[in-house]
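A look at the structure
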Amino acid sequence: MSREQVVHQSPLLYRVLREEDGALVIEVVVGGIAMSAVRVRLTEAEAEAFTREGSAFSDRLAKDIMAWPPFGGRSYDPPTG
């Protein structure tokens, strides 16, 4: 099981995690009747924007992912267990 650190937990049903390798990942609850979660690994530019802007940036990113969960093929299912 990978070790992750929660960097930010939002009431907007998402959280930002730091993975063991230092990469930032956003995990977002998506869906309507059937809810699930997807993850997107932040690019270097997105990670820098999160460092600069904090939750203002991650709120926008989460809303974009909620509106289009495949997120250009970048989203993946969170690990189970």
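The structure reproduced in this document is the subject of the present report. (Residues numbered from 1 in each chain as written. Predicted model: local features only at pLDDT ≥ 70, side-chain atom pairs only at ≥ 80, totals over all residues. Heavy atoms only, no water.)

Here we look at the pattern of salt bridges
- If you walk through the whole model with that rule in mind, you get seven salt bridges.
- Across the salt bridge formed by Glu 46 and Arg 74, the nearest N and O atoms sit 2.6 Å from each other. A residue pair is termed long-range when its members are at least 10 positions apart, and Glu 46 in helix H1 (residues 44–53) and Arg 74 in the loop between helix H2 (55–67) and strand E5 (75–76) qualify at 28 residues.
- Residue class for Glu 46 comes out buried when judged on its relative accessible area of 14%.
- Using a relative accessible area of 30% as the deciding quantity, one classes Arg 74 as partly exposed. (Salt bridge = Lys/Arg side-chain N within 4 Å of Asp/Glu carboxyl O. Helix = DSSP H or I, 4+ residues; strand = E, 2+ residues; numbered from the N terminus. Buried < 20%, exposed > 50% of the residue type's maximum accessible area, 1.4 Å probe, protein only.)

Observations regarding the side chain of Arg 39
- Here Arg 39 lies in strand E4 (residues 36–41).
- Judged by relative accessible area, Arg 39 falls into the buried class, the value being 3%.
- Discounting residues that sit within four places of it in the chain, Arg 39 has contacts with Glu 4, Arg 15, Leu 17, Glu 19, Val 25, Ile 26, Glu 27, Arg 74, Ser 75, Tyr 76, Pro 78 and Pro 79. (Contact = heavy atoms within 4.5 Å.)

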